[in-house]
Amino acid sequence: MSAADPDLDPARDAASRALFERARAVTPGGVNSPVRAFNAVGGTPRFIRSARGAWLTDVDGQEYVDLICSWGPMLLGHAHPEVQAAVAAAVGRGTSYGAPTEPEVELAEEIVARAPVDRVRFVSSGTEATMSAIRLARGFTGRDVVVKFAGCYHGHVDSLLASAGSGLATFALPGTPGVPESSTALTLVLPYNDRAAVERAFAEHGDRIACLITEAAPGNMGVVPPEAGFNRFLADTCRRHGALFISDEVMTGFRATRQGQWGLDGAVEGWRPDLVTFGKVMGGGFPAAAFGGRADVMSQLAPEGPVYQAGTLSGNPVATTAGLTTLRLATNEVYEHVGAAAETIRNAASDALAAAGVAHVVQATGTMFSVFLTATAVRDFEGASRTDQTAYAAFFHAMLDRGVYLPPSAFEAWFLSSAHDDRAVQTVVDALPHAARAAAAAQEVA
Ligand SMILES: *Cc1c(COP(=O)(O)O)cnc(C)c1O
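Residues numbered from 1 in each chain as written. Predicted model: local features only at pLDDT ≥ 70, side-chain atom pairs only at ≥ 80, totals over all residues. Heavy atoms only, no water.

Asker: What's the story with the overall build of the protein in this structure? I'm lost.
Answerer: Along the backbone of the protein there are 14 helices and 15 strands. At 22 Å, the protein has a C-alpha radius of gyration in line with the 22 Å of a compact globule built from 446 residues. For the protein, the spread of C-alpha atoms along the three principal axes comes to 65 × 55 × 45 Å. Excluding contacts between residues fewer than 6 apart, the proportion of contacts in the protein whose partners are at least 24 apart in sequence is 73%. Accessible area for the protein stands at about 18,000 Å²; split by element, carbon and sulfur atoms hold 52% of it. The positive charge centre, built from 34 side chains, and the negative charge centre, built from 47, are 3 Å apart in the protein. (Helix = DSSP H or I, 4+ residues; strand = E, 2+ residues; numbered from the N terminus. Rg over C-alpha atoms; globule rule 2.2 N^0.38 Å. Contact = heavy atoms within 4.5 Å. Areas by Shrake-Rupley, 256 points an atom, 1.4 Å probe, with all protein chains shown as cover. Lys, Arg positive; Asp, Glu negative; His and termini not counted. Charge placed at Lys NZ, Arg CZ, Asp CG, Glu CD.)

Below, the structure written as structure tokens:
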């Protein structure tokens, strides 16, 4: 799908293409998580050989400024020397004991100090965190119904892979084959940022609702910030009906701000979620995630309480060391740097698209942002769906050809790190006008 550019070496992705062929013979679609396959943008996914700071190097030796940062985790950039040294030392002490360790306690203390939770439990992926938080909410309340929003992704939990049924406040249908209807029959899917829909759902089903789960600021349909006061409204509505409010900060936690999205609304407005899920940045590039919250709710978890939850590698000493070292290095200056670099790129993207005559909206929350190729502000999944995916594919490949690795999907956030220095940012800024013209050309053809 890449526009043929006579200056490009046709062999520049030969090694990636060869690996992709081998990969497809032994792995479905050749990848271990679907979005990596470039299905939404066409072309061959680049196989990455190494990464340092803000840069990725692929198996053909091509270098890219990384605007994915492993889909969020690499807040300090790749191969940060202090994180590397701490991890190497941890590996030298053995990698898993199946017994408690000091780094788990230290990481839990760090999270409790920064985020609105009294206690945390570690798991190995964001999916496990949301799945466990929902089980705990159901166990705590003795109720079954879960409310979520269309366009919010909470990992591949059966009951959350649901699409809205016909009409509002009706129970959901499975979003994928393999999820039984019985798994989504207790899930209500509502439009994001829609207070009236939330009120109707609680009026109708309030005494059956165990919890409402939402991305603290959605990033998985592109960045769609909560409207002013929306998260507080959700927390208040849940409380009035005896349901728990689960804020999914797997993406935003320690990323949007030092305190996650909560630093932008809850900490300012003076409310706390009942439960919060974390992942990505808190694992420092390793498989680590967590859920936490109110002490009285968390104390219902085994072995303190009756709600069962466990994990062989949960709180793994290497992963918790990586996360702890990352969070300790994630000072206010890190967030200021990432925020400033993000602003430069946001503005440059908007200027380039405007100059090329491409309708677009740039939306941000804290240091996270997205560029939607659509004419009007996006406040929910329906709005996000109007983005021009064909134009985005052309934009994506033009950036890739000029050494910038964007998310290979029009519905994702762009992520930066403290390692994105002037050279990296300038590489992005220089590539944007070409990409904007490629997007415009794709729109003319369409
Ligand atoms: C990434 C993500 C998850 C799932 O985390 P995994 O580690 O991929 O299982 C859950 N919720 C949100 C908001 C995410 O962005």
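We are not done yet, so read on.
Asker: Help me understand unusual backbone geometry, please; the structure alone is not making it clear to me.
Answerer: Note: most peptide bonds trans; most residues except glycine with negative phi. In the segment running from alanine 302 into proline 303, the intervening peptide bond is cis, with an omega of 10°. Tracing the backbone through its elements, the reader meets proline 303 in the loop between α9 (295–298) and α10 (317–329). Within the chain, serine 70 stands out as a residue other than glycine whose phi angle is a positive 60°. Mapped onto the secondary structure, serine 70 falls in the loop between β3 (63–66) and α2 (81–92). One non-glycine residue, phenylalanine 254, lies in the positive phi region at around 60°. Position of phenylalanine 254 relative to the elements: it lies in the loop between β10 (244–248) and α8 (266–269).

Asker: What exactly am I supposed to notice about the packing of helix α13 (residues 389–401) against helix α14 (residues 422–445) here?
Answerer: Between two packed helices, both the angle of their axes relative to each other and the distance between the axes serve to describe the pair. At a minimum axis distance of 8 Å, the contact between α13 and α14 shows a crossing angle of 145°. You can see that α13 and α14 cross each other, and the crossing is right-handed. The residues of α14 that touch α13, namely those facing Thr390, Ala391, Ala394, Phe395, Ala398 and Met399, are Val428, Ala431, Leu432, His434, Ala435, Ala436, Ala438, Ala439, Ala442 and Gln443. Among the residues making up the contact of α13 with α14, the classes are represented as 13 nonpolar, three polar and no charged. (Axes fitted to C-alpha atoms, helices over the stretch in contact; angles between N-to-C directions. Left-handed = near helix turned anticlockwise from the far one by under 90°. Nonpolar A, V, L, I, M, F, W, Y, C, P; charged D, E, K, R; others polar.)

Asker: Sorry, what's going on with the sheet that holds strand β2 (residues 55–58) here?
Answerer: Hydrogen bonds between backbone atoms are what pair the strands of a sheet, whose relative direction is either parallel or antiparallel. The strand order across the open sheet formed by four strands is β1-β2-β3-β15, and the pairing between neighbours is mixed. This sheet does not close on itself; its edge strands, each paired only once, are β1 (48–52) and β15 (404–405). Relative to β3, β2 is paired through three bridges, and the arrangement is antiparallel. Its bridge partner being in β3, leucine 56 is matched across the sheet by tyrosine 64. (Pairing = 2+ DSSP bridges.)

Asker: Whenever I open this one, the site of the ligand confuses me. Can you help?
Answerer: Neighbouring the ligand are Ser125, Gly126, Thr127, Tyr153, His154, Gly155, Glu215, Asn220, Asp248, Val250, Met251 and Lys280. Take threonine 127: an N or O atom from its side chain is 2.7 Å from an oxygen atom of the ligand. The separation between an oxygen atom of the ligand and a polar side-chain atom of asparagine 220 is 3.0 Å. The protein chains hide 82% of the 380 Å² of surface that the ligand would expose on its own. For the shell around the ligand, a count of residues per class yields three nonpolar, six polar and three charged. (Near = heavy atom within 4 Å. Polar contact = N/O pair within 3.5 Å; in protein donor to acceptor, adjacent residues only side chain to side chain.)

Asker: Where do I start with the state of the cysteines in this structure?
Answerer: Simply put, the disulfide is a covalent bond whose two ends are the sulfur atoms of two cysteines. Counted by the stated rule, this structure contains zero disulfides. Cysteine 238 supplies the cysteine sulfur nearest to cysteine 211, a cysteine that is in no disulfide, at a spacing of 8.0 Å. (Disulfide = S-S within 2.5 Å.)

Asker: Please explain the pairing of β3 as it appears in this structure.
Answerer: Side-chain direction in a regular strand flips from residue to residue, so the side chains alternate between the two faces of the sheet. In sequence, β2 turns back onto β3 through a hairpin of four residues, with glycine 61 there showing a positive phi of about 85°. Bridging between β3 and β15 involves two bridges; their strand directions are parallel. When the sheet's bridge partners are listed, aspartate 66 is paired in β15 with tyrosine 405.

Asker: Explain α14 to me, please; I cannot follow it from the model alone.
Answerer: For an α-helix, the turn length of 3.6 residues means that residues three or four places apart are oriented alike. Here α14 contains 24 residues, and its C-alpha end-to-end distance of 35 Å stays within 8% of the 34 Å for a straight helix at 1.5 Å per residue. Along α14, the sharpest change in direction is near 35° and occurs at leucine 432; proline proline 433 comes one to four residues later. Among the residues of α14, those classed as buried are Ala424, Val425, Val428, Ala431, Leu432, Ala435, Ala436, Ala439, Ala440 and Ala442. (Expected span 1.5 Å × (residues − 1). Bend = angle between axes of the 7 residues up to and from the residue. Buried < 20%, exposed > 50% of the residue type's maximum accessible area, 1.4 Å probe, protein only.)

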